[in-house]
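An overview of the molecular structure
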Amino acid sequence: MVESFGEALRKLRQGRGLSLDKLAQKISYSKSYLSKIENGMSAPTADIAKRCDSALETGGALVTMIVSAKPEVPKPRPEAANGDEGSDDEVWVMVMDTEGTSGFHRLPRRQVLAGLGIAVGYALTGGAWSAADPTTIAGLHSAFDQYRKLGTTSRPGIVLPQVVAHVHTVRSLAGGPVAPEVRNELLVHASRAAEYAGWMSQEAGDDRAAAWWTAKAVDFAASGGDLHLGVYALVRQAELALYQQDSLATVELAVRAQTDPSVGSRILGLAARCEAQGHALAGAPDDYLRALERARVLLSEGTSLPASRPVFGSASVVDEVALAEGWSLYDLGRPADAAEVLDRELPRIAAEARRARARFGARHALAHAGSGEIEHACSLTRGVLEDAAHVDSATVRIDLRQLSRTLARWHNHPAVRELLPELGRALRVVRVPPA
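Read on for a plain summary of the structure. (Residues numbered from 1 in each chain as written. Predicted model: local features only at pLDDT ≥ 70, side-chain atom pairs only at ≥ 80, totals over all residues. Heavy atoms only, no water.)

Below, the discussion takes up the side chain of Gln277. Topologically, Gln277 is positioned in helix α13 (residues 265–282). Setting aside anything within four residues of it in sequence, one finds Gln277 in contact with Leu242, Ala324, Trp327 and Ser328. (Helix = DSSP H or I, 4+ residues; strand = E, 2+ residues; numbered from the N terminus. Contact = heavy atoms within 4.5 Å.)

Attention now goes to unusual backbone geometry. Notably, Glu57 is not glycine yet its phi reads approximately 55 degrees, a positive angle. Relative to the elements of secondary structure, Glu57 occurs in the loop between α4 (46–56) and α5 (61–69). With a phi close to 65 degrees, Gln245 is a non-glycine residue in the positive phi region. Among the secondary structure elements, Gln245 is positioned in the loop between α11 (228–243) and α12 (247–256).

What follows is about the environment of Ala24. Within the secondary structure, Ala24 is located in helix α2 (residues 20–27). The exposure class of Ala24 is buried, given its relative accessible area of 6%. Taking the C-alpha atoms as reference points, Ala24 and Cys52, separated by 28 residues in sequence, lie 9.1 Å from one another. In contact with Ala24, other than residues within four places in its own chain, are Tyr29, Ser30, Lys31 and Leu34. (Buried < 20%, exposed > 50% of the residue type's maximum accessible area, 1.4 Å probe, protein only.)

Moving on to the nonpolar core. Judged by nonpolar contacts, the single largest core of 84 residues is most densely connected at Leu186, Leu400, Leu403 and Leu407. Ranked by the residues each element gives to this core, the list is headed by helix α9 (residues 180–203), at ten residues. If we skip the residues at most four places from it in the chain, Leu403 touches Ala365, Leu366, Ala369, Thr381 and Leu423. Core analysis: the next-biggest nonpolar cluster, separate from the first, contains 18 residues, Phe5, Ile27, Ile37 and Ile48 among them. (Core = buried A, V, L, I, M, F, W, Y, C linked by side-chain atoms within 4.5 Å.)

Here we take up the packing of aromatic side chains. Counted by the stated rule, this structure contains five aromatic pairs. Taken together, a centroid distance of 4.9 Å and an interplanar angle of 80 degrees make the contact between Trp212 and Trp213 edge-to-face. Across this residue pair, the class does not change: Trp212 and Trp213 are buried. For the cation-ring pair, Arg363 lies above Trp327, with the distance from its terminal atom to the ring centre recorded as 4.1 Å. Between the NZ or CZ atom of Arg409 and the centre of the ring of Tyr29, over which it lies, the distance is 3.7 Å. (Phe/Tyr/Trp six-rings, centres within 6.5 Å; stacked < 30°, edge-to-face > 60°. Lys NZ or Arg CZ within 6 Å of the ring centre and 35° of its normal.)

Take a look at the structure:
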């Protein structure tokens, strides 16, 4: 007979000489709930399994039981959205209503010309443009830097239409009468801007558009002679999988991105960081530590890109590896350790970098809540909600939902009773419609 999760938990707990009450204290769950799990009266969650693995030092044995017990449900991979939808005979359309909600759509050119594609803020994939030169390119770089700065403080619905128009402008210039080296530089720049459009689409909650823009970025980069972005696209796809809680796809894509050393230490380091987060999500501490150390070494070597080109990954945090460590320790069932790391790292994020502060601040509050520090977690959450309101991030809301569920376990606590309605309102946000 196959041993149940509850039976395995009891055996491991007793082997460590821990009472049920002591284990409950270590993982910040109630004794009665653990008792129900051990006796098969309640189903274990991945969070319980990870915390017990950490407290009992079992190396992920209990998480493995959870994963192996789940039926295999095929998930659409980010690549599936690429398809053949990137035809040149199409129109890019940004639709925005009076409340500021926006959506990106791709329509057949003949439909728009027939009058059926009327929209606010559209960009046609063609047109006549004057020649571009290095001065023009420098101006485009400067404009894109401003869009990226705007993206650290504003809703994706504000930034995305401008970035889409920017990509269209650069692509059109590249198709004009320019020297080959200028054309290549324009296409490489278009690839960076398209990749950022993918990131803003993900932040708006549209993973399908995020994957589509990433694929367009790869096409632009390849046409411009830069194959590095094709590898970085795997990192972006791994990040999409991470937010979808798909640890296997996260690790698989991140490992694939590390097979070509010629792409430089920056991309390899970002891939290793993402791999570490995937291993943490899977509850594999040893694999996580190896990947994290590899990321730390690679990212300390800096970037191989020319200074004139936008850097891959975040430009608004000081130490990506340390923040990933704080993020991952929570996923490994070690919320107190995660809180300690994030206590140190959050003050290093600039006040104007609201998107980063909201993202890691949500995980910070979640770590303290998971450690049973409810009053402090509620206090931290209020600051997070202020930043989150400005940036309206779908990825931040993932942790805010988990935070809401965690705090609800202490629903009789005065600070929680006061905060939960406000947290609930922050989570009721209209999503951008899919492309």
